Amino acid sequence: MKPQLSRRAARLTSSLIRDILQVTQRPGVISFAGGLPAEELMPDLDFTGLDDCRQYGPSEGEPALRSLIAQNLSTLGIACDAEHVLVTSGSQQGIDLVGKLFIDEGSPVLLEAPTYLATIQALAVYGAEFQGLSLTEDGIDPDALRRAIVDRRPAFVYLIPTFQNPSGCCYSDEVRRAVAEVLDEAGVPLIEDDPYRDLAYEPADRTPICAYLQRAAWVYLGSFSKITAPGLRIGYLAASHSLFPGLVRLKQSSDLHSNRPGQLWLTQFLRSDKFDAHAARMVGVYRDRRDAMQAALLRHFAGIAQWRAPAGGLFFWLRLNADCDTLAALHEALTRDVAFMPGEPFFPAGNLRYPAVRLNFSHAAPEQMLEGIAVLGELLGNLAGGTPSRRS
Ligand code: PMP
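In every chain, residue numbers begin from 1 and rise along the written sequence. Where totals are concerned, whole chains, interfaces and linings use all residues; where local detail is concerned, this predicted model gives features only for residues with pLDDT of at least 70, and gives and counts side-chain atom pairs only at 80 or more. Note: side-chain values were computed over all heavy atoms of the structure, leaving out hydrogens and water.

Engineer: Would you mind going over the overall build of the protein in detail, with residue names and values included?
Structural biologist: To qualify as a helix, a DSSP run of H or I must reach at least 4 residues; to qualify as a strand, a run of E must reach at least 2; elements of each kind are numbered from the N terminus. The secondary structure content of the protein amounts to 12 helices and 14 strands. For the protein, the C-alpha atoms occupy an extent of roughly 60 × 55 × 55 Å along the three principal directions. Per-residue accessibility, obtained with a 1.4 Å probe over protein chains only, is compared with the maximum for each type, and a residue is labelled buried under 20%, exposed over 50%, and partly exposed between these values. When burial is assessed residue by residue, the protein has 55% of its 392 residues classed as buried. When the accessible area of the protein is evaluated, it comes to approximately 17,200 Å², of which 50% is carbon and sulfur surface. Charge counting treats Lys and Arg as positive and Asp and Glu as negative, with His and both chain ends excluded. To locate a charge, take NZ of a lysine, CZ of an arginine, CG of an aspartate or CD of a glutamate. Where the 37 positive side-chain charges of the protein centre and where its 45 negative ones centre are 3 Å apart. Residue exposure ignores everything except the shown protein chains as possible cover, and the areas themselves are Shrake-Rupley values with a 1.4 Å probe.

Engineer: Describe the sheet that holds strand β13 (residues 341-342), naming the residues involved and giving the relevant values.
Structural biologist: With antiparallel pairing, the four strands of this open sheet are ordered in space as β10-β11-β14-β13. The open sheet is flanked by β10 (305-306) and β13, the only strands paired with a single partner. We treat two strands as partners when DSSP finds at least two bridges between them. Sheet analysis places β10 next to strand β11 (residues 315-320), joined by two bridges and oriented antiparallel. For Ala305, the partnering residue across the bridge sits in β11 and is Leu320.

Engineer: Go over the site of the ligand with me, naming the residues and quoting the values.
Structural biologist: Close contacts around the ligand come from 14 residues, with Asp193, Tyr196, Ser223, Ser225 and Arg233 the closest. Between an oxygen atom of the ligand and a side-chain N or O atom of Asn165, the distance comes to 2.8 Å. The contact in question runs from an oxygen atom of the ligand to an N or O atom on the side chain of Tyr196, over 2.6 Å. Burial of the ligand by the surrounding chains reaches 92%, relative to a free accessible area of 400 Å². With four residues, the top contributor of residues to the shell around the ligand is helix α4 (residues 90-102). For this scheme, ten residues count as nonpolar: Ala, Val, Leu, Ile, Met, Phe, Trp, Tyr, Cys and Pro. Four count as charged, namely Asp, Glu, Lys and Arg, and the remainder, Gly too, count as polar. Here the shell around the ligand is composed, by residue class, of five nonpolar, six polar and three charged. Here, proximity means that at least one heavy atom of the residue falls within 4 Å of the molecule or strand. Here a polar contact is taken to be a pair of N or O atoms separated by no more than 3.5 Å, where protein atoms must pair a possible hydrogen donor with a possible acceptor and residues adjacent in sequence count only if both atoms sit in side chains.

Engineer: Give a detailed account of α4, specifying residues and quantitative values.
Structural biologist: Quick reminder: α-helices carry 3.6 residues per turn. Residues three or four places apart thus point the same way. The span one expects for a helix is its residue count, reduced by one, times 1.5 Å. Given a rise of 1.5 Å per residue, 13 residues ought to cover 18 Å, and the 19 Å separating the end C-alpha atoms of α4 matches this to within 8%. Here α4 has its buried residues at Gly90, Ser91, Gln93, Gly94, Ile95, Leu97, Val98, Gly99 and Phe102.

Engineer: Quick one: what's the story with the nonpolar core, residue by residue and with numbers?
Structural biologist: We define the nonpolar core as a collection of buried residues of types Ala, Val, Leu, Ile, Met, Phe, Trp, Tyr and Cys that are connected through side-chain atoms lying within 4.5 Å of one another. With 104 residues, the main nonpolar core has Phe32, Leu145, Leu183, Phe301 and Leu359 as its most contacted residues. When residues in this core are grouped by element, the largest group, eight residues, is from helix α10 (residues 274-300). Looking at this core, you find at least three residues from each of domain 1 (8-42 + 276-383) and domain 2 (52-271). Not counting residues up to four positions away in its chain, the partners in contact with Phe32 are Met293, Val338, Ala339, Phe340, Arg358, Leu359, Asn360, Ala364, Met369, Gly372, Ile373 and Leu376. In this structure, Ala122, Phe156, Ala217 and Leu243 belong to the second largest nonpolar core, which totals 29 residues. By convention here, the domain bounds are inherited from an automatic or database domain assignment. Two residues form a contact once any of their heavy atoms are found within 4.5 Å.

Engineer: An account of the side chain of Ser59 is requested, with residue identities and associated values reported.
Structural biologist: Relative to the helices and strands, Ser59 resides in the loop between β1 (30-31) and α3 (63-75). The exposure class assigned to Ser59 is buried, which follows from its relative accessible area of 11%. Of the polar contacts made by the side chain of Ser59, one reaches the backbone oxygen of Leu256; its length is 2.7 Å. Ignoring anything within four residues of it in the chain, the contact list for Ser59 reads Leu86, Val87, Lys251, Gln252, Leu256 and His257.

Engineer: Any chance you could break down the environment of Leu359 for me, citing the residues and the numbers?
Structural biologist: Relative to the helices and strands, Leu359 resides in strand β14 (residues 356-360). Apart from residues lying up to four places away in sequence, Leu359 is in contact with Phe32, Met293, Leu297, Leu314, Phe315, Phe316, Leu318, Phe340, Ile373 and Leu376.

Engineer: I'd like a rundown of the domain arrangement of the protein, residues and numbers included.
Structural biologist: The domain boundaries assigned to the protein delineate domain 1 (8-42 + 276-383) and domain 2 (52-271). Spacing between the C-alpha centres of domain 1 and domain 2 amounts to 24 Å. Contacts between domain 1 and domain 2 engage 35 residues on the former and 35 residues on the latter. Two parts lose some accessible area (1.4 Å probe) when they are put together, and adding that loss for both gives the buried area. When the two sides are added together, the surface that domain 1 and domain 2 hide from each other amounts to roughly 2,900 Å², 65% of it contributed by carbon and sulfur. Area buried by domain 1 at its contact with domain 2 is led by Arg11, Ala311 and Phe346, which between them contribute 20% of it. The term salt bridge refers to a pairing of a side-chain nitrogen on Lys or Arg with a carboxyl oxygen on Asp or Glu at a separation within 4 Å. If you look at where domain 1 meets domain 2, you find three salt bridges.

Engineer: Which residues make up the packing of aromatic side chains, and what values do they have?
Structural biologist: Between rings of Phe, Tyr and Trp, where Trp is taken as its six-membered ring, a pair exists when centres lie within 6.5 Å; planes separated by under 30 degrees are stacked, by over 60 edge-to-face, and by other angles tilted. Counted under the stated rule, the structure contains 11 aromatic pairs. Residues Tyr196 and Phe315 carry aromatic rings whose centres are separated by 6.0 Å and whose planes lie at 80° to one another, so their mutual orientation is edge-to-face. Here Phe315 lies in strand β11 and Tyr196 lies in the loop between β7 (190-193) and β8 (218-223), a separation of 119 residues in the sequence. Phe315 sits in the buried class, given a relative accessible area of 3%. With a centroid separation of 6.2 Å and 45° between ring planes, the pair formed by Trp317 and Phe347 is classed as tilted.

Engineer: Could you give an account of the pattern of salt bridges, with specific residues and numbers?
Structural biologist: Across all of its chains, the model carries 16 salt bridges by this definition. Notably, a salt bridge pairs Asp337 with Arg26, separated by 2.9 Å at the nearest N-O pair. Here the residue Asp337 occupies a position in the loop between α11 (326-335) and β12 (338-339), and Arg26 occupies one in the loop between α2 (16-24) and β1, the gap between them amounting to 311 residues. Judged by relative accessible area, Arg26 falls into the partly exposed class, the value being 38%. The shortest N-O distance in the salt bridge between Glu202 and Arg290 comes to 2.6 Å. Here Glu202, found in the loop between β7 and β8, pairs with Arg290, found in helix α10; they are 88 residues apart in sequence, far enough to count as distant. On the basis of relative accessible area, Glu202 is assigned to the partly exposed category, the value being 34%. Bridged by salt links that share partners, the residues Arg7, Arg11 and Glu105 form one connected network.

In structure tokens, the structure reads:
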């Protein structure tokens, strides 16, 4: 007899990106698919002398790490003490905890379209119903946000304002302030997801929207995955006082606490003079790789797609000039040992979408980049040739 599972379980979908990542493990595949940091740039991990952390620890996280995080958030303008910082097992866990705290079946959520696909998946499991807000070069349109709030009365608004995944968009300061004003007026909570802020290749407005909020409740999600090593699984959230206790209880029932050796190692690393040098090196190398990808795209994608070189983060987002089945293109590309992410899964179900692909530039070896982009340009050029573009 089949076991009787929850209604929630029926909403589980396989993560396309995880499926693709499995294929990209094959030797010889040039992958622009995942948001994988470059292994050769990750700091060496050394857990010697960290025996004090073998016992169970506090659910909120290691006190020294929480206070470093709170200090950093204060410099960003987020009024937050260490007591309102919760260390999580990656910021992905923060997204899940937020889903558990806010979402019932049918709860409306506003988010960008396109947005981070694992957020769509995580919140869909709890029964969220999405409405997407389209992105311009400067972020979402604050007036469209106001109208959508009146229309849907969302449980919260989820945004990635800095070097957004997948679009690379970085909100202007004007839009950040305007969005904060709309949320304050409406009293709708903001969930701000900010894992890419340290990967800035040009000067860009990066003040968190949470820093501009006066009244609305908020959760700010941060991560050490991109600037150190994702295998550590250390992220954090900070939250306004009304939301924090619920999130801590959910964390307790989820995994008791995040891994202690990683937290202690990270605290030492952040405090040492090695961190700044490491971060500067990583940013410098990624900037070069972004420029290399931009050069390759100019050579092989002119007339096929439109894009802007991102000022930070890990991705190029290409709007294809003509309609094209990007999933079919992916299967074809994999037969030629090149992987990328089709744009479709980044759009919440039922929302307007347009043909696009996401290309990561941090992971592929630079000498393979041109080769891989040439293959994709040929393939997408053939598939997308001719048909007029569908725009939303
Ligand atoms: N949010 C966004 C927007 C992301 O792109 C990612 C990772 N790709 C995460 C959250 C999760 O990151 P982590 O759990 O590694 O901190």
